[in-house]
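# A structural walkthrough
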Amino acid sequence: MIQFDKQTNTLTLHTAHTSYQMKVDEKGVLLHTYYGKRLRKGDLSRLICHEDRGFSPNPYEAGTDRTYSLDTLPQEYSTCNVGDFRPTSLEADFADGSVAVDWRYVTHHILHGKYTIPGQPSFYDEGLTAETLEMVLKDAHTGLEVTLLYGILEELDLITRAVRVHNGGETPVALTRVMSLCLDFPAGKRDYITLGGAYAREREPVRAHLTQGTHSVGSVRGTSSHQSNPFVVVCDPDTNEDHGSCWGAALVYSGNHLIEVTGTQFDETRLIMGIHPFHFRWQLEPGDTFHTPEVAMVYSHQGLTDLSQKFHRGIRLNLCRGTWKDERRPILINNWEATYFQFDADKIVSIAQTASQVGVEMMVMDDGWFGKRNDDFAGLGDWNVNEHKLPGGLAPLAERINALGMKFGLWVEPEMVNEDSDLYRAHPDWALQIPGRKPTRGRSQLVLDLTRAEVREYIKDNLRRTLNSANIVYIKWDMNRSLTDVWSMGLPAQRQGELYHRYVLGVYEILEMLHQEFPHILIEGCSGGGGRFDCGMLYYSPQFWCSDNTDALDRLRIQYGTSFCYPCSAVGAHVSAVPNHQTGRETPMHTRGVVATGGTFGYELDLNKLSQDDLDEVAGQIAQFKEDWEVVMRGDYYRLTNPFEPGYYQAWMHVSQEKDVALVSVVMGETHANPIRPLLYLKGLNPQEDYELDGQVYGGDELMSGGLALPVQKEHGAVQYKLTRV
Ligand code: DGJ
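So, a few notes on the structure that sits alongside this text. A quick note: this is a predicted structure, and the numbers were derived from the prediction, not measured. (Residues numbered from 1 in each chain as written. Predicted model: local features only at pLDDT ≥ 70, side-chain atom pairs only at ≥ 80, totals over all residues. Heavy atoms only, no water.)

## Here we look at the sheet that holds strand β4 (residues 30-37)
Taken in spatial order, the four strands of this open sheet run β1-β2-β3-β4, and their pairing is antiparallel. Both edges of this open sheet fall to β1 (2-5) and β4, since each of them pairs with a single strand only. Each strand axis lies, on average, 15° off the axis of its neighbour in the sheet, ignoring direction. Where strand β2 (residues 10-14) meets strand β3 (residues 18-24), five bridges bridge the pair, whose relative direction is antiparallel. From the neighbouring strand, Leu13 faces β3, where its bridge partner is Tyr20. (Pairing = 2+ DSSP bridges. Helix = DSSP H or I, 4+ residues; strand = E, 2+ residues; numbered from the N terminus. Axes fitted to C-alpha atoms, helices over the stretch in contact; angles between N-to-C directions.)

So this is what it looks like as structure tokens:
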């Protein structure tokens with residue numbers, strides 16, 4: 001609900017449990033006055049401190065009032081070069097060489113339904129009573145106008161923001177920084193949490209106490225990256241999983257991004273989020289409009305678990321799209337770690353044959369099926385079936401897989417080209433590179449210039465041809481390097497700074513084509529594992545290969561970090577072989593299965609190489625997951641421990657929305673002789689109801705307050721408990 005109070009000039013956006021308030025002050029400046037627990041009424045601008053602060057200058061129209069300064073007022077969208085020295089929301093080079101922008105209120109509109117962003121992913125309002133607030137601000141001197149867009153998804157407790165920038169002046173403007181979010185907090189001590197990491201160590205939570213100054217993380221890799229996920233939480237220092245205020249923001253974007261958390265001179269916090277300004281320069285001709293990506297915001301006064309669950313629900317139901325978004329995904333087996341590039345049709349069928357006998361539902365053929373792709377030095381770009389490996393093409397193989405009662409899925413990496421490919425030999429200028437410089441290689445491949453329509457059409461045609469050539473119901477869309485040598489033949493010099501963003505728009509355009517023309521196909525996103533695991537990609541692919549690291553213990557950390565923002569329904573998680581290919585570690589098959597049930601569940605190994613015992617275990621895991629998938633996918637997720645801290649065990653649980661089923665998963669840590677027997681305290685159950693576990697009945701309150709006694713287990717052994725309400 002959006003409330004406009006004409007008397008106080010406040011606009012208050014209400015979701016089920018939160019309120020967000022802004023106020024147009026007497027000078028037309030749009031102040032941010034509140035974001036927190038839901039309020040009944042009030043003008044929170046009364047809390048703003050008005051004092052004459054040294055070196056905080058005053059707008060001309062403030063006259064002799066030295067207490068009025070943009071430097072000390074909380075802003076909805078900060079200005080540039082007119083007296084606010086905290087991070088700017090927008091920077092632009094104007095024709096006269098000036099860079100100042102001073103936003104003043106023009107008008108606002110309250111609309112039914114949620115806004116969309118042309119060519120870009122965003123949350124949608126299906127099944128909700130959504131509203132949009134358009135807040136129009138203008139810099140009178142230059143005519144530059146911003147429309148701040150707010151989407152209120154009341155039932156989800158989610159508010160989205162995006163910005164439309166319009167050049168209403170008479171000369172071109174170059175935008176050099178346009179943030180999607182500026183959020184000012186009142187004075188107070190705060191922490192912030194970001195998701196850092198690296199390849200094979202994605203989304204490691206980093207929590208820091210905010211001190212004075214600007215602390216920034218982000219990506220300039222052209223993708224959202226393994227190293228810095230576009231998600232941030234600001235919270236009170238004592239906020240934990242179950243208690244305390246926290247504000248989360250997720251950027252719905254898959255390219256370069258910037259997160260800036262600033263502790264100001266007066267201990268306030270400013271949070272900024274948007275496209276990274278590195279090599280960003282968007283030429284806006286008079287009359288032109290630029291659209292930023294969207295940010296989704298959640299506030300909780302009940303700690304991090306509640307915050308995460310709100311993101312999970314919103315992403316699962318109102319960001320992910322398509323036939324598969326809320327459906328049980330086929331349990332798949334992928335041949336990558338089983339064969340790498342060394343396979344042929346018979347090998348794929350032999351893996352599928354055994355898989356079909358234990359209940360696997362889909363065979364996914366990974367990298368190596370096309371062109372001269374026998375290693376990772378050649379073939380990318382040539383999307384013709386390698387007939388030496390797969391005589392007759394994809395159709396006969398898909399038929400053989402289908403004859404086993406399984407679906408067939410395929411790996412693709414459409415954004416890339418190898419120099420050793422027919423495509424590159426024909427069109428070397430289709431790869432990103434700067435004339436006269438040797439391009440930087442990543443995994444021996446170059447990046448195709450998706451800003452060019454002919455390149456996008458080539459990719460679309462090849463995808464259409466491939467997908468129409470056989471009965472393919474799934475694709476894994478991979479992307480295996482960062483962008484460098486960012487320069488396009490297709491753009492004039494003054495527009496090269498648009499390339500990074502135009503690249504991302506190009507990816508989205510191709511994915512949208514797939515969504516429209518092949519709605520039945522399940523897309524799993526991937527970027528060397530979880531290098532582009534973000535809300536932008538999840539709009540097109542409801543699941544994402546979480547990491548190339550399939551080690552069960554490392555996965556505990558990766559899935560834990562991922563869970564701060566992203567739902568289990570999006571987490572591609574597979575059981576792989578031991579010794580693990582990434583870490584060399586041996587973990588029991590049962591443990592690997594328990595860990596993989598934290599996501600979409602599948603396999604990544606050659607089942608023919610397993611012992612009969614392990615194969616029986618696999619058959620049991622699959623049968624179990626077919627029973628349990630709903631609570632994993634649609635239930636609420638609880639982090640019971642933090643795997644970055646040493647413990648006797650690591651545990652998490654899923655509880656159905658109705659609280660009638662819960663699945664508790666535990667992986668033991670190091671074992672020591674004469675072991676300590678820790679208790680496990682459950683969460684999320686109905687304290688008033690009873691639950692059955694292995695023939696015994698326990699109260700929900702009892703399990704949460706008294707706990708469960710864990711059995712003695714071998715090192716890295718695992719247990720899984722299924723509780724059913726009686
Ligand atoms: C990186 C992916 O994350 C892997 O799962 C696999 O598909 C390889 N690429 C194939 O090249």
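Now that the structure has been shown, the text picks up again.
## Re the site of the ligand
Taken together, 13 residues form the shell around the ligand, and within it Asp366, Asp367, Lys476, Asp478 and Asp548 come nearest. Measuring from an oxygen atom of the ligand, one finds a side-chain N or O atom of Arg443 at 2.8 Å. In the environment of the ligand, an oxygen atom lies 2.3 Å from a nitrogen or oxygen atom belonging to the side chain of Asp548. Broken down by class, the residue content of the shell around the ligand amounts to four nonpolar, three polar and six charged. (Near = heavy atom within 4 Å. Polar contact = N/O pair within 3.5 Å; in protein donor to acceptor, adjacent residues only side chain to side chain. Nonpolar A, V, L, I, M, F, W, Y, C, P; charged D, E, K, R; others polar.)

## Quick look at the sheet that holds strand β28 (residues 543-545)
A sheet is described by the order of its strands in space; here nine strands give the open sequence β29-β28-β27-β26-β23-β22-β21-β31-β30, paired in parallel fashion. Edge positions in the sheet fall to β29 (571-572) and β30 (574-576), since each of these pairs with one other strand and no more. Contacts from helix α4 (residues 394-403) reach β22 (362-365) and β23 (407-412) within the one sheet, and its direction differs from that of β23 by about 140°. (Contact = heavy atoms within 4.5 Å.)

## Comments concerning the nonpolar core
In this structure, Leu90, Leu175 and Trp369 are the most contacted members of the largest nonpolar core, which totals 187 residues. Per-element tally for this core: the top contributor is helix α7 (residues 499-517), with ten residues. Setting aside its immediate chain neighbours within four residues, Trp369 contacts Phe343, Trp383, Asn384, Val385, Asn386, Leu390, Leu394, Leu410, Trp411, Val412 and Thr466. Formed by 21 residues, the second largest nonpolar core is a distinct cluster that contains Leu640, Met653, Leu693 and Leu723. (Core = buried A, V, L, I, M, F, W, Y, C linked by side-chain atoms within 4.5 Å. Buried < 20%, exposed > 50% of the residue type's maximum accessible area, 1.4 Å probe, protein only.)

## Some words on the environment of Thr79
Here Thr79 is to be found in the loop between β4 and β5 (90-93). The exposure class assigned to Thr79 is buried, which follows from its relative accessible area of 2%. The spacing of Thr79 and Arg104 is 25 residues in sequence and 9.6 Å in space, taken between C-alpha atoms. Here Thr79 is in contact with Leu70, Asp84, Thr88, Val101, Asp102 and Trp103, once residues within four sequence places are set aside.

## Observations regarding the pairing of β23
Across the six residues of β23, five count as buried, placing the element largely inside the fold. Pairing geometry for β22 and β23, over four bridges, is parallel. Residue pairing across strands places Met363 opposite Phe408, the latter belonging to β23. Regarding the hand of the β-α-β motif, the stretch spanning β22, α4 and β23 is right-handed. Examined bridge by bridge, β23 and strand β26 (residues 474-477) share four bridges and lie parallel to one another. What sits directly across from Leu410, in β26, is Ile475. (Right-handed = clockwise from strand over helix to strand, strands pointing away.)

## Brief notes about helix α11 (residues 612-634)
Taking 1.5 Å per residue, 23 residues should reach 33 Å; α11 reaches 33 Å between its end C-alpha atoms and fits that length. The principal kink in α11, of about 55°, is found at Asp628. What α11 keeps buried is the set Leu615, Val618, Gln621, Ile622, Phe625, Asp628, Trp629, Val631, Val632 and Met633. (Expected span 1.5 Å × (residues − 1). Bend = angle between axes of the 7 residues up to and from the residue.)

## Remarks on unusual backbone geometry
For the bond running from Val578 to Pro579, omega is -5°, close enough to zero to count as cis. On the secondary structure map, Pro579 appears in the loop between β30 and α10 (589-596). For Asp157, which is not glycine, the phi torsion reads 60° and is therefore positive. Note on placement: Asp157 falls in the loop between β8 (144-153) and β9 (158-167). Unlike most non-glycine residues, Ser225 shows phi in positive territory, near 85°.

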